[in-house]
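The lines below spell out each chain.
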Amino acid sequence: MRQLVIVERVCLIGHIVSMVFGLVGILLVIPNAEVILSLSEVGQTVMQWSMAGGGVAYMILGAVGVFLYAYRNLGLGRALCFLVPSVSISLTSELLGTSTGFPFGHYSYLSGLGYKIAGLVPFTIPLSWFYVGCVSYLLARVGLEVDKKPSLLRHLGAIALGALLLTSWDFVLDPAMSQTSLPFWYWQQPGAFFGMPYQNFAGWMGTGSVFMTVAALLWRNNPIKLERSQLNIPLVVYLANFGFATVMSLAAGFSIPVLLGVLLGVAPAVALWLRGSDASTSVAVEAAKQEVSVGNVKVALK
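Predicted model only: the values in this text are computed from it and were never measured.

**Quick notes on the UniProt feature "transmembrane region" (unreviewed entry) in the chain**
- Here the UniProt feature "transmembrane region" (unreviewed entry) sits at residues 12-30, 50-71, 78-97, 117-140, 152-172, 201-219, 231-250 and 256-274.
- Between the C-alpha atoms that bound residues 201-219 there is a distance of 27 Å. The span itself is 95% helix and 0% strand.
- The span residues 231-250 carries 95% helix and 0% strand; its end-to-end C-alpha distance comes to 28 Å.

**Let's talk about the pattern of salt bridges**
- Counted under the stated rule, the structure contains 4 salt bridges.
- With its nearest N and O atoms 2.5 Å apart, the salt bridge here joins Arg72 to Glu8. Within this pair, whereas Arg72 is found in helix H3 (residues 41-74), its partner Glu8 is found in helix H1 (residues 2-29), the two being separated by 64 residues in sequence.
- Glu8 sits in the buried class, given a relative accessible area of 0%.
- Taken together, the shared-partner salt bridges in this structure form one network comprising Glu8, Arg9 and Arg72.

**Details of the layout of surface pockets**
- Estimates place the volume of the largest pocket at around 230 Å³.
- What lines the largest pocket is a set of 15 residues, among which Asp147, Lys148, Ile224, Lys225 and Leu226 lie closest to the centre.
- Looking at the lining of the largest pocket residue by residue, the class counts come to 5 nonpolar, 3 polar and 7 charged.

**Overview of the nonpolar core**
- One finds Phe82 and Tyr131 to be the most contacted residues of the largest nonpolar core, which totals 73 residues.
- No other element matches helix H5 (residues 124-143), which puts 13 residues into this core.
- Among residues more than four places away in sequence, those in contact with Tyr131 are His15, Tyr58, Met59, Gly62, Ala63, Val66, Val237 and Asn241.

**Some thoughts on the confidence of the model for the chain**
- Residues of the chain with pLDDT of at least 70 account for 85%, and the chain-wide mean is 88.
- Element-level mean pLDDT values for the chain span from 46 in helix H10 (residues 279-301) up to 98 in H5.

**Digging into unusual backbone geometry**
- Here Phe102 and Pro103 are connected by a cis peptide whose omega angle stands at 10°.
- Summarising the element assignment, Pro103 is placed in the loop between helix H4 (76-100) and strand E1 (107-109).
- Of note, Ala118 is a non-glycine position whose phi angle comes to about 60°, a positive value.
- Classification of Ala118 as exposed rests on a relative accessible area of 63%.
- Phi at Glu145 is positive, roughly 55°, even though this residue is not glycine.
- Checked against the element boundaries, Glu145 lands in the loop between H5 and helix H6 (152-177).

**Details of the side chain of Ser178**
- Relative to the elements of secondary structure, Ser178 occurs in the loop between H6 and strand E4 (185-187).
- The exposure class of Ser178 is buried, given its relative accessible area of 10%.
- Of the polar contacts made by the side chain of Ser178, one reaches the backbone oxygen of Asp174; its length is 2.8 Å.
- Sequence-distant contacts of Ser178, defined by excluding residues within four places in its chain, comprise Pro183, Trp185 and Trp187.

Procedures and definitions
Residues numbered from 1 in each chain as written. Predicted model: local features only at pLDDT ≥ 70, side-chain atom pairs only at ≥ 80, totals over all residues. Heavy atoms only, no water. UniProt positions renumbered as here; feature names shortened; annotations may be inferred. Helix = DSSP H or I, 4+ residues; strand = E, 2+ residues; numbered from the N terminus. Salt bridge = Lys/Arg side-chain N within 4 Å of Asp/Glu carboxyl O. Buried < 20%, exposed > 50% of the residue type's maximum accessible area, 1.4 Å probe, protein only. 1 Å grid on protein atoms, 1.4 Å probe; cavity = no way out; pocket = protein on both sides within 12 Å on 5 of 7 lines; lining within 4 Å. Points joined across faces, edges and corners; volume = space filled by probe spheres on them. Nonpolar A, V, L, I, M, F, W, Y, C, P; charged D, E, K, R; others polar. Core = buried A, V, L, I, M, F, W, Y, C linked by side-chain atoms within 4.5 Å. Contact = heavy atoms within 4.5 Å. pLDDT = per-residue confidence, 0-100. Polar contact = N/O pair within 3.5 Å; in protein donor to acceptor, adjacent residues only side chain to side chain.

Structure representation (structure tokens):
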């Protein structure tokens with residue numbers, strides 16, 4: 001298990017480093033082509049690799065890191081019960097979106113994110129739905145104590161909040177990534193929200209809600225038990241990806257999407273993390289219960 005933790009942490013650190021490296025390339029190097037020419041031969045090779053495969057690397061590393069985290073903390077079955085629906089359902093939505101305009105609007109992917117499935121959707125895109133969707137849903141589910149105090153309302157609340165966290169990330173990411181100096185997709189019919197159609201948000205909420213609902217149904221007979229300390233990685237992954245999107249948007253001059261994302265994404269994510277119980281609190285509560293139980297037995301004996 002220790003080796004698994006090491007691989008997981010290496011992947012997640014590599015995920016974050018890749019995002020930082022990507023920001024440098026997109027925001028500093030590409031707009032200033034002379035910088036590349038001033039680099040050494042090795043530097044030019046690294047930069048060329050970054051431009052060609054950096055986006056692919058950071059998504060793969062994020063997906064592998066989060067899957068290993070889920071495997072360690074939830075078990076292989078529950079990890080797969082989130083991975084398979086999130087990847088398959090998001091891919092279906094993306095294929096529909098890029099071919100029909102439903103449910104996100106009319107858009108197309110450019111190069112830079114890897115091999116395109118059916119010539120339409122880069123294979124890395126469903127992976128990003130998985131890892132950001134997984135950390136979003138875990139924060140919502142644990143924060144609302146779905147598995148400690150199960151009820152239909154809590155289940156629905158966790159799905160809605162998880163989908164909102166996922167969509168809030170897109171509030172910030174989509175405007176910049178489609179309008180940067182090196183765009184990764186473009187809108188054939190630009191919308192009113194900084195180039196995005198409002199339909200896009202409904203598509204994100206809907207797609208996220210569907211695969212989170214499927215995962216919740218698959219997990220219904222096997223509740224999860226995570227303490228706040230075990231939510232540190234989901235929170236860090238969410239904030240790191242949000243930070244990447246924030247820098248991109250601010251560099252493009254889009255401050256309103258960032259403020260909206262902070263209000264609807266970052267603030268709830270942190271609040272949900274804080275609501276998670278920690279190990280010391282759980283131990284103290286259990287000890288108190290045992291003490292009361294022993295006390296009752298003594299009273300009964302008297």
